[in-house]
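Survey of secondary and tertiary structure
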Amino acid sequence: MTESPAPPHAGDGEALRERALAALLTARERTTLLTDSVDDHDLTAQHSPLMSPLVWDLAHIGNQEELWLLRGVAGREAMRPEIDGLYDAFEHPRATRPSLPLLAPGEARSYASEVRGRALDVLEAAPLGDGPALVRSGFAFGMIAQHEQQHDETMLITHQLRSGPAVLTAPEPPRAVDAPPAEVLVPGGPFTMGTSAEPWALDNERPAHQRDVPGFVIDTAPVTCGAYRAFIEDGGYGERRWWAPEGWAMVREHELAAPLFWHRDSGQWLRRRFGVTEPVPDDEPVLHVSWYEADAYARWAGRRLPTEAEWEKAARHDPVSGRSRRYPWGDEDPTPERANLGQRHLRPAPAGAYPAGRAPCGAGQLIGDVWEWTASDFLPYPGFAPFPYREYSEVFFGPEHKVLRGGSFAVDTVACRGTFRNWDLPVRRQIFSGFRTARDL
């Protein structure tokens, strides 16, 4: 059992430079769209205590880029050392950030722009083939592009939480081309989980290691709104037997009766999506559900959530070659024909879309559309080593956080691959989360 080799660009300094430049420019275009589409009031307002003001994210993006690329890679003096503490995510929780003396919108834009100009100069001169671990294979530049895209996803969540008319638009995703079987078999046996070859993989994805997974059956597509509506209409939110104790307490305390942003009007389920109220589409993967809701649905359906190892085996394992692929469809980078990524659309595609993105086992939409909750706690792999700082992953390890896999329509290709691991508290509903279910043979 092996993993796919490093992608072709991994050892080529100039190819890495071009790749890093494209990733940084793509991220900044998206950041600009998300921050220029609203006025200064919306930029500085806190639209939910769960989220930062958009202007905090904007300056934080610039500050992290300065810390890692200008100071870390190039060894330059700090541009604005007095603001480091303001934009330290661990020093100030989101709920308190509006009370800080943050940079005003114009200042934040100027700061992020000046940092970016200097960072591109650093990229042009940096030796990316070999050298220190931080710059080897362009890691620091890839990490910063991923960091900015992760905050772009966070800012898109804030856009979903803000009240008022729609300010973002995007074309509709492709329709389903066929009706695949409801579930597929993944035979038991070993496979290679994680990666030691992907140059921009983050520390919690490493190292590659062997896992032996018993055979199981998994949904071909994420659970749809229509299927989830059947759970609601069967009284799922009122039946304690389906819920973990903490989940049942959450349901009772907050009087939950449906996914976040759903409401019932004149006998019809409606939802609010980026400022637009619309009927809930039955064929689309359900979105904005917590781990507890996903787990309760799975129990109600006589199934369970897949483990993280099961999810990755379904997504990556090629039984013909015995290798673990970079993506379900192979080792090639994502394309618009294979996955719903990069905020190209502002919603998941219907179940059964993207046949070109299916895995060898037959499961589809494993990459993009919705983050998928798994049954697993967020834990380190055997041989884990924190890099380049403990606070990215290590401080979150433990049973408090559940793992999500696969990415969503809000995730860019630079921050999404078959090994990428996301994690969050099981109560979280504002994130672009859905799920699929599994069962034992």
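Notes on the structure in this doc start here.

So, how was this worked out
- Residues numbered from 1 in each chain as written.
- Predicted model: local features only at pLDDT ≥ 70, side-chain atom pairs only at ≥ 80, totals over all residues.
- Heavy atoms only, no water.
- Helix = DSSP H or I, 4+ residues; strand = E, 2+ residues; numbered from the N terminus.
- Rg over C-alpha atoms; globule rule 2.2 N^0.38 Å.
- Buried < 20%, exposed > 50% of the residue type's maximum accessible area, 1.4 Å probe, protein only.
- Contact = heavy atoms within 4.5 Å.
- Lys, Arg positive; Asp, Glu negative; His and termini not counted.
- Charge placed at Lys NZ, Arg CZ, Asp CG, Glu CD.
- Pairing = 2+ DSSP bridges.
- Axes fitted to C-alpha atoms, helices over the stretch in contact; angles between N-to-C directions.
- Parallel < 35°, antiparallel > 145°, perpendicular 65-115°, else oblique.
- Nonpolar A, V, L, I, M, F, W, Y, C, P; charged D, E, K, R; others polar.
- 1 Å grid on protein atoms, 1.4 Å probe; cavity = no way out; pocket = protein on both sides within 12 Å on 5 of 7 lines; lining within 4 Å.
- Points joined across faces, edges and corners; volume = space filled by probe spheres on them.
- Expected span 1.5 Å × (residues − 1).

Right, let's get into the overall build of the protein chain. Helix and strand counts for the protein chain come out as nine helices and 14 strands. Here the C-alpha atoms of the protein chain give a radius of gyration of 21 Å, agreeing with the 22 Å that 2.2 N^0.38 yields for 441 residues. Expressed as lengths along the three principal axes of its C-alpha atoms, the size of the protein chain is roughly 60 × 50 × 40 Å. Residue burial in the protein chain is summarised as follows: out of 441 residues, 58% are buried. In the protein chain, the share of contacts with a sequence separation of at least 24, taken over all contacts with a separation of at least 6, comes to 77%. Where the 46 positive side-chain charges of the protein chain centre and where its 63 negative ones centre are 3 Å apart.

Turning next to the pairing of strand β5 (residues 216-219). Where strand β2 (residues 183-186) meets β5, four bridges bridge the pair, whose relative direction is antiparallel. When the sheet's bridge partners are listed, L185 is paired in β5 with V217. Taken together, the three bridges between β5 and strand β14 (residues 438-440) define a ladder with antiparallel strand orientation. By the bridge assignment, I218 is partnered in β14 with A438.

Here we take up the packing of helix α1 (residues 13-36) against helix α4 (residues 105-125). Viewed as axis vectors pointing N to C, α1 and α4 meet at an angle of 175°, and their least axial separation amounts to 11 Å. Classified by the angle between their axes, α1 and α4 sit roughly antiparallel to one another. Where α1 abuts α4, its residues R17, A20, L21, L24, L25, R28, T35 and D36 lie against R109, A112, S113, R116, L120, L123, E124 and A125. Grouping the amino acids of the contact of α1 with α4 by side-chain chemistry returns eight nonpolar, two polar and six charged.

Our focus in this paragraph is the sheet that holds β14. Read across the sheet, three strands follow the order β2-β5-β14 without closing on themselves; strand pairing throughout is antiparallel. Sheet topology places β2 and β14 at the edges, where each strand pairs with a single neighbour. Here the strands of the sheet are splayed against their neighbours by 25° on average, with no regard to which way each runs.

Considered as a void within the structure, the largest pocket measures approximately 1,400 Å³ in volume. Taken together, 47 residues make up the lining of the largest pocket; nearest its centre are A89, R94, H151, F396 and W423. Taken together, the elements giving at least two residues each to the lining of the largest pocket come down to α3 (54-73), α5 (139-161) and β12 (421-424). Among the elements that take part in the lining of the largest pocket, α5 stands out by supplying 10 residues, more than any other.

Within the open sheet, the four strands sit side by side as β12-β11-β10-β13. Their pairing is mixed. Looking at the sheet topology across the chains shown, the edges are occupied by β12 and β13 (433-434). Where strand β11 (residues 398-405) meets β12, four bridges bridge the pair, whose relative direction is antiparallel. When the sheet's bridge partners are listed, L404 is paired in β12 with N422.

With respect to the helices, strands and loops of the structure, H147 is situated in helix α5. For H147, a relative accessible area of 14% corresponds to the buried category. Discounting residues that sit within four places of it in the chain, H147 has contacts with H60, I61 and Q64.

Between helix α6 (residues 225-233) and helix α8 (residues 291-300), whose axes approach to 11 Å, the crossing angle comes to 80°. By the criterion of interaxial angle, the relationship of α6 to α8 is roughly perpendicular. Where α6 approaches α8, its residues A227, Y228, A230 and F231 are matched on the opposing element by E293, A296, Y297 and W300.

Side chains that are three or four residues apart share a direction in an α-helix, a result of its 3.6 residues per turn. Helix length check: α1 (24 residues) gives 34 Å between terminal C-alpha atoms against 34 Å at 1.5 Å per residue, within 8%. For α1, every residue scored as buried is listed here: G13, L16, R17, A20, A23, L24, A27, R28, R30, T31, L34 and T35. Where α1 is buried, its residues meet α2 (40-44), α3, α4 and α5.

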